[in-house]
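Spelled out from the first residue to the last, the chains are:
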Amino acid sequence: MQNDTLVRIPANAWAQLRDLYRQDWPRHEIAYNNVQNYIRWIERDPQISATLLVYSLNGHWRQTGTYIIIDHTDVFMYTLDGTGDTLKRMLLLLDWHHSYLMNMCLYRATVLEVYRLHRLEIAFDSADLIYHLPQQVAHRFRYDLPVGLSLQRIPPHYAAFIYNQWLNKSVGTEYFIERLLRWNVSMGLFCEGVREPLAWCIRTQNGALGLLGVVAQRKGYGSLVIKAIARRLAEQGYSTYASVRRTNVASRKLFEKLGFRAVGEASWLKNMKGTFDGCELRKAIKA
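Residues numbered from 1 in each chain as written. Predicted model: local features only at pLDDT ≥ 70, side-chain atom pairs only at ≥ 80, totals over all residues. Heavy atoms only, no water.

- The name an unreviewed UniProt entry assigns to the chain is N-acetyltransferase domain-containing protein, from the organism Anopheles merus.

Okay, structure coming up:
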């Protein structure tokens, strides 16, 4: 363990990493989609591979499929190692002088243990349910649009508008939204004569729906954009996922009414920047 190192998985091996998760869906479908997303992104803009970090432990990713992706401050992690040991050893090696947002994390206890060892304060903590809708169900979605309304992909220049409507915005979030609008599937509900969308939803890096928002409540606009984006994803061969906060009863009822089923739990965790050094950490682990 003292000789553990984080080793980058080269972009030309990402497809092999992705295919390790071509099993036991929907359980491992998100991990598969996560890697596939970044394969598509570097095909569109090869320059991002210079700053996009896809790590393994000691280069042995073929054994357990364990990976950590660091995309600016966003972190995604998955493993086929049922013990969680490989992932924990990797997390201990991260540079915790940075603040990371752990996206839809399935390994809450492991992350919190690493926080404890590094004496990190929690900046954000959300307990969510993962909802899943099979593509064959989404294919059957039908909806009627009121006169004057249209559903269409959201142009990237609306990033600032969506950013200003989002409760969880932080430094860099507008760039994050603009990039998703440029490269991923999105759906906006627009009205003739109104510049901004009435409702919107975007597919995020791991394939789950994100940034769902509506301007006017109780008009069914949220349901419309979810149906539209889910059907669009089904046409492309994807099932639809969403991460919904446990305490958000209204959103949970909306997804359940549309046929989504809760298939697991996830957490969104963000740490305050740490000041703990490696020597102190080794002492803490031994203790």
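Now that the structure has been shown, we can carry on.
1. Section: the side chain of Thr66
- Mapped onto the secondary structure, Thr66 falls in the loop between α3 (61-64) and β3 (67-71).
- Of the polar contacts made by the side chain of Thr66, one reaches the side chain of Thr64; its length is 2.6 Å.
- A polar atom in the side chain of Thr66 sits 2.5 Å from the side chain of Thr79.
- Among residues more than four places away in sequence, those in contact with Thr66 are Tyr21, Tyr55, Ser56, Trp61, Tyr78, Thr79, Asp81, Thr86, Leu87 and Met90. (Helix = DSSP H or I, 4+ residues; strand = E, 2+ residues; numbered from the N terminus. Polar contact = N/O pair within 3.5 Å; in protein donor to acceptor, adjacent residues only side chain to side chain. Contact = heavy atoms within 4.5 Å.)

2. Digging into unusual backbone geometry
- Here the amide bond leading from Trp25 into Pro26 is cis, since omega sits at 10°, within 30 degrees of zero.
- By the element assignment, Pro26 lies in the loop between α1 (14-19) and α2 (29-44).
- The backbone of Asp24 sits at a positive phi, close to 50°, despite the residue not being glycine.
- Within the secondary structure layout, Asp24 lies in the loop between α1 and α2.
- The residue Met104 is not glycine, and still its phi comes out positive at about 45°.
- Inspection of the secondary structure puts Met104 in strand β5 (residues 101-105).
- For Met104, a relative accessible area of 2% gives the class buried. (Buried < 20%, exposed > 50% of the residue type's maximum accessible area, 1.4 Å probe, protein only.)

3. With respect to the nonpolar core
- Of all hydrophobic cores here, the largest spans 63 residues; its most connected members are Met77, Leu91 and Met102.
- By residue number, the principal contributor to this core is α2, which donates 8 residues.
- Of the domains in this structure, domain 1 (6-127 + 268-274) and domain 2 (135-238) are the two that each give at least three residues to this core.
- The residues touching Leu91, leaving out its near neighbours within four places in the chain, are Ile68, Met77, Trp96, Met102, Thr110, Val111 and Val114.
- In terms of nonpolar packing, the next biggest core, distinct from the first, is built from 29 residues, Leu189, Ala230, Leu233 and Ala234 among them. (Core = buried A, V, L, I, M, F, W, Y, C linked by side-chain atoms within 4.5 Å. Domains from an automatic or database assignment.)

4. Topic: α2
- Between its first and last C-alpha, α2 extends 23 Å over 16 residues, near the 22 Å set by a 1.5 Å rise per residue.
- Among the 16 residues that make up α2, 14 are buried, leaving the element largely enclosed by the rest of the structure. (Expected span 1.5 Å × (residues − 1).)

5. Comments concerning the domain arrangement of the chain
- By the assigned domains, the chain splits into domain 1 (6-127 + 268-274) and domain 2 (135-238).
- With centres defined by C-alpha atoms, the gap from domain 1 to domain 2 works out at 26 Å.
- The interface of domain 1 with domain 2 comprises 19 residues on the first partner and 15 residues on the second.
- For the pairing of domain 1 and domain 2, the buried interface totals around 1,400 Å² over both sides, and the portion due to carbon and sulfur atoms is 50%.
- Looking at the side of domain 1 facing domain 2, the largest losses of area belong to Asn33, Trp41 and Arg44, adding up to 34% of the total buried there.
- Counting the contacts that link domain 1 with domain 2 gives 1 salt bridge.
- Of the charged contacts, one joins Arg179 and Asp71 as a salt bridge, the two residues approaching to 2.7 Å between their closest N and O atoms.
- Applying the counting criterion to the domain 1 and domain 2 interface returns 9 residue pairs in polar contact (both at pLDDT 80 or more).
- Counting residues per element, the ones that place at least two in the side of domain 1 that touches domain 2 are α2 and β4 (74-78).
- Counting residues per element, the side of domain 1 that touches domain 2 draws most heavily on α2, which supplies 9 residues.
- Class assignment for the residues of the side of domain 1 that touches domain 2 results in 8 nonpolar, 5 polar and 6 charged. (Buried area = accessible area lost by both parts, 1.4 Å probe. Salt bridge = Lys/Arg side-chain N within 4 Å of Asp/Glu carboxyl O. Nonpolar A, V, L, I, M, F, W, Y, C, P; charged D, E, K, R; others polar.)

6. Comments concerning the sheet that holds strand β8 (residues 186-191)
- Ordered by their spatial adjacency, 12 strands build an open sheet running β1-β2-β3-β4-β5-β12-β6-β11-β10-β9-β8-β7, and the pairing between neighbours is mixed. Two strands close off the open sheet at either side, each with one partner strand: β1 (6-8) and β7 (149-152). Strand after strand, the sheet turns through a mean of 25° between neighbouring axes, direction not considered.
- Looking at chain direction, strand β6 (residues 122-133) and strand β12 (residues 261-271) are connected through 10 bridges and run antiparallel. Pairing of Asp125 across the sheet is with Leu269, part of β12.
- Of the strands in this sheet, β1, β2 (53-57), β3, β4 and β5 are in contact with helix α4 (residues 85-93), which crosses β2 at around 125°.
- Packing of helix α8 (residues 173-183) onto the sheet brings it into contact with β3, β4, β8, β9 (199-203) and β10 (208-214), and relative to β9 it is tilted by some 80°. (Pairing = 2+ DSSP bridges. Axes fitted to C-alpha atoms, helices over the stretch in contact; angles between N-to-C directions.)

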